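# Coordinates in review
Listed below are the residues making up each chain.
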Amino acid sequence: MAAAARSTDRPGALEITRKLTEICGPPFARFAGPADEVAGRTARWVAVPGGPHAAAEVLRLAAAHDLTVVPRGAGTKIDWGAAPAQVDIMLDTGRLAGVWHEPHAASVAEIGAGTPLRAVQATLGRTGRRLPVDVPSPGATLGGVLAADESGPLRHRHGSPCAQLVGVRYLGADGELVSVGESGTARFGAAAPTGGPGGDGRAEGVGDVAAGQGSAMGWGRAGGLFVAGDGIGGSGALGPGRLFAAGPGAGGLGAAGAEVGGGDAVLGRGELPGLDVARLLCGSQGGLGVLVSATMRVHAVPASRVWVSRPVWTPLEVHDLVRAVLAAEVAPAAVELDLPVPVPLPRRRVPASHPSVAGRPDHPAVTGRPAAGSLVVLLEGGPSDVAERAERLTAVLGAEAVVNHHAPEWWGRYPFAPGDTALRIEVPAGDLHAAVYALRDAAGAPVPVRGSAGVGTAYAALPGVLSPERVASILTAVRSVLIARQGRCVVVAAPAPVRRVVDLWGELPALPRLRSAKAHLDPHHRLAPGRLPGGL
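Residues numbered from 1 in each chain as written. Predicted model: local features only at pLDDT ≥ 70, side-chain atom pairs only at ≥ 80, totals over all residues. Heavy atoms only, no water.

A separate point is the sheet that holds strand β1 (residues 29-31). Spatial strand order, β1-β4-β6-β5: 4 strands in an open sheet with mixed pairing. One side of each edge strand has no neighbouring strand; the edge strands of this open sheet are β1 and β5 (69-72). Neighbouring strand axes in the sheet, compared pairwise and without regard to direction, differ in orientation by 20° on average. Pairing of strand β4 (residues 45-47) with strand β6 (residues 89-92), which is carried by 3 bridges, proceeds in the parallel orientation. If you follow A47 over to β6, its bridge partner there is L91. Against the sheet, helix α2 (residues 52-64) engages β4, β5 and β6, with an angle of about 170° to β6. (Pairing = 2+ DSSP bridges. Helix = DSSP H or I, 4+ residues; strand = E, 2+ residues; numbered from the N terminus. Axes fitted to C-alpha atoms, helices over the stretch in contact; angles between N-to-C directions. Contact = heavy atoms within 4.5 Å.)

In structure tokens:
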């Protein structure tokens, strides 16, 4: 790194600050403060470019002075994953916001990376549409969600947000603006009509108001047309377990379905389709490129939604119930499991003569033993169709099943809290119960688990008071069970002492492909260095 950039009290640092101010506008470039950190690593400068061309200028400035760049917005997941080796410029993506969808009946929408998802849904909702994305992070933006490849309950029906991508615009490490796949509109990347790129603090681009309140055209200042959001790597998003996912529609490197070799393949000019290259950004937490906008599929808002819930007592019972739900052909939009600690209060007993417990007099539903948790199935569609499917589903789930028109309180929330060690488990759905049992055995007690039982993805929480060595031993035990089932357990977030000691990712067969992609897309390791697996 340039010697002049080592400290913000040197003349060279003041020159960099001046240049950042020229690019972003006086209110949008400054020395970083104590709160401007990524997983405990404090930045030197914060830059908030007003559009893609201003963001490109920031990256070119960083390249000229050999500085590192980590994208960030509101930072809802800023402590996820590994700490970067160094953060010189924190590139805040909050002004890269807006929703573009023309005409109103279009099945896709181009969305600025810094746009909060709540704003996206409000804007699309005015035309009776939605983005089928319901991630648990409050205030998350589309860029942050894609950088983490974060998903919510609707992943069961629609797949991860990265699976819904049809196009992206992103900036390479050298500041080149690259468009891949389908674009909702050509206007987002339009050059600024006056002055330098964002030089007067104005934001580039036009479109619907990012906050989803009314609409506006033309130029707008931050706080007007554009609003601050979660950002790209600013989510701190590691996307553990997703970067290397394999199979149709999976995000990350594995989605390419081929080894990443030379530069042409990486950039989509060889055997790999361009959209697969775009999906390399999913889960890369800003380490391969800076997302500017994404074109996503949109769907009509369902006319009716109901949640059918049933208490569950054991992970094996969950396994049997999920199989029954999927075999019932009720087209669930989501199948979610909640196994909290401590256990809930006792539920009402089911008569021993009921068909759901016939021949099982010792079943907890008969004896009245407290339930361990809940299995909840979301049904969406037309009112009469949903009512008919709900009736069939309750027959499958038994007398304990209850139909609600509101989601349970825990729906779409993580089971962990700040300070916990948060784990993400990914395993074939039929083996999720084995992962839960393995986690319990390794921890020596029940562990809160919550997630999408229908697709085998769940999150768990280990107490933050556990020592790094104890967490490491639990991870080793769980991973040894999962590896034979093609499953993975990764550390999403953890206290700093744990993060420094434990292996966050476990075995990574795709690491050579990631290293090849990093070497081509960011050969000087300027983008979020050290945030990716293998210290990349």
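From this point, the discussion proceeds with the structure in view.
Under the criterion given, the structure shown has 3 cavities of 30 Å³ or more. What the largest cavity holds in volume is close to 80 Å³. Classifying every residue of the lining of the largest cavity by side-chain character gives 5 nonpolar, 4 polar and 4 charged. What the second largest cavity holds in volume is close to 40 Å³. Together, 10 residues line the second largest cavity, and L146, A147, L281, C282 and L291 are the ones closest to its centre. Residue contributions to the lining of the second largest cavity peak at 3 residues, all from helix α4 (residues 142-148). Classifying every residue of the lining of the second largest cavity gives 9 nonpolar, 1 polar and no charged. (1 Å grid on protein atoms, 1.4 Å probe; cavity = no way out; pocket = protein on both sides within 12 Å on 5 of 7 lines; lining within 4 Å. Points joined across faces, edges and corners; volume = space filled by probe spheres on them. Nonpolar A, V, L, I, M, F, W, Y, C, P; charged D, E, K, R; others polar.)

On to the packing of aromatic side chains, then. Aromatic rings considered in pairs are described by the distance between their centres and by the relative angle of their planes. A full pass over the atoms with the stated rule returns 7 aromatic pairs. Aromatic side chains Y414 and F416 sit 4.8 Å apart centroid to centroid with 15° between the ring planes, which places their arrangement in the stacked category. Take Y414 and F416: they sit in the same class, and that class is buried. For the pair Y414 and Y459, a centre-to-centre distance of 4.8 Å together with 70° between the ring planes defines the contact as edge-to-face. One end of the pair, Y414, is in the loop between β21 (402-404) and β22 (421-426); the other, Y459, is in strand β24 (residues 457-462), with 45 residues separating them in the sequence. The two residues Y414 and Y459 agree in class, both being buried. In this structure an aromatic cluster arises from ring pairing among W80, Y414, F416 and Y459. For K77, the ring lying beneath its charged end belongs to W80, and the centroid distance is 5.8 Å. Geometry around F28 places R95 over its ring, the cationic atom sitting 3.7 Å from the centre. (Phe/Tyr/Trp six-rings, centres within 6.5 Å; stacked < 30°, edge-to-face > 60°. Buried < 20%, exposed > 50% of the residue type's maximum accessible area, 1.4 Å probe, protein only. Lys NZ or Arg CZ within 6 Å of the ring centre and 35° of its normal.)

Ordered in space as β21-β18-β20-β19-β23-β24-β22-β25, the 8 strands form an open sheet in which the pairing is antiparallel. The open sheet has two free edges, formed respectively by β21 and β25 (488-493), since each of these has just one partner strand. When the angles between neighbouring strand axes are averaged without regard to direction, this sheet yields 20°. Bridge count for β22 against β24 is 6 bridges, and the pairing is antiparallel. For T421, the partnering residue across the bridge sits in β24 and is L462. Along the sheet, helix α12 (residues 468-482) makes contact with β22, β24 and β25, crossing β25 at roughly 145°.

In this section: the nonpolar core. Within soluble globular proteins, side chains that are nonpolar tend to cluster in buried spots. Among the nonpolar cores identified, the biggest contains 82 residues, and L131, V168, L375, L379 and L439 are the most heavily contacted of them. Not counting residues up to four positions away in its chain, the partners in contact with L375 are V308, S309, R310, V312, V318, L321, V322, V335, E336, L337 and A453. The next biggest cluster of nonpolar side chains, apart from the first, holds 34 residues, and it includes I23, C24, V69 and L527. (Core = buried A, V, L, I, M, F, W, Y, C linked by side-chain atoms within 4.5 Å.)

Looking now at the pattern of salt bridges. As enumerated under the stated definition, the model contains 18 salt bridges in all. The partner of E15 in a salt bridge is R18, with the nearest N and O atoms 2.3 Å apart. With E15 and R18 both in helix α1 (residues 11-24), this residue pair falls 3 residues apart, about one helical turn. Look at E15 and you get partly exposed, because its relative accessible area is 29%. (Salt bridge = Lys/Arg side-chain N within 4 Å of Asp/Glu carboxyl O.)

Before going further, it helps to spend a moment on the side chain of T123. Note that T123 resides in helix α3 (residues 117-125). Note on T123: relative accessible area 1%, which makes it buried. One polar contact links the side chain of T123 to the main-chain carbonyl oxygen of A119, over a distance of 2.9 Å. (Polar contact = N/O pair within 3.5 Å; in protein donor to acceptor, adjacent residues only side chain to side chain.)

Right, let's get into the packing of helix α8 (residues 315-327) against helix α11 (residues 432-443). Two quantities define a packed helix pair, namely the angle between the axes and the distance from one axis to the other. Viewed as axis vectors pointing N to C, α8 and α11 meet at an angle of 170°, and their least axial separation amounts to 8 Å. When the axes of α8 and α11 are compared, the pair comes out roughly antiparallel. Packed against α8, whose contacting residues are P315, L316 and H319, the element α11 presents H433, V436, Y437 and R440 at the interface. Here the contact of α8 with α11 is composed, by residue class, of 4 nonpolar, 2 polar and 1 charged. (Parallel < 35°, antiparallel > 145°, perpendicular 65-115°, else oblique.)

As a further point, take α12. The end-to-end C-alpha distance of α12, which contains 15 residues, comes to 21 Å, matching closely the 21 Å that a straight helix rising 1.5 Å per residue would cover. Turning to α12, its buried residues are P468, V471, I474, L475, V478, R479 and L482. Taken down its axis, α12 places every buried residue within 125° of arc, on the same side. Along α12, the residues that are exposed and aim more than 90 degrees away from the buried face are E469 and T476. Looking at the buried positions of α12, the neighbouring elements they touch are β22, α11, β24, β25 and α13 (496-501). (Expected span 1.5 Å × (residues − 1). Arc of directions from axis to C-beta.)

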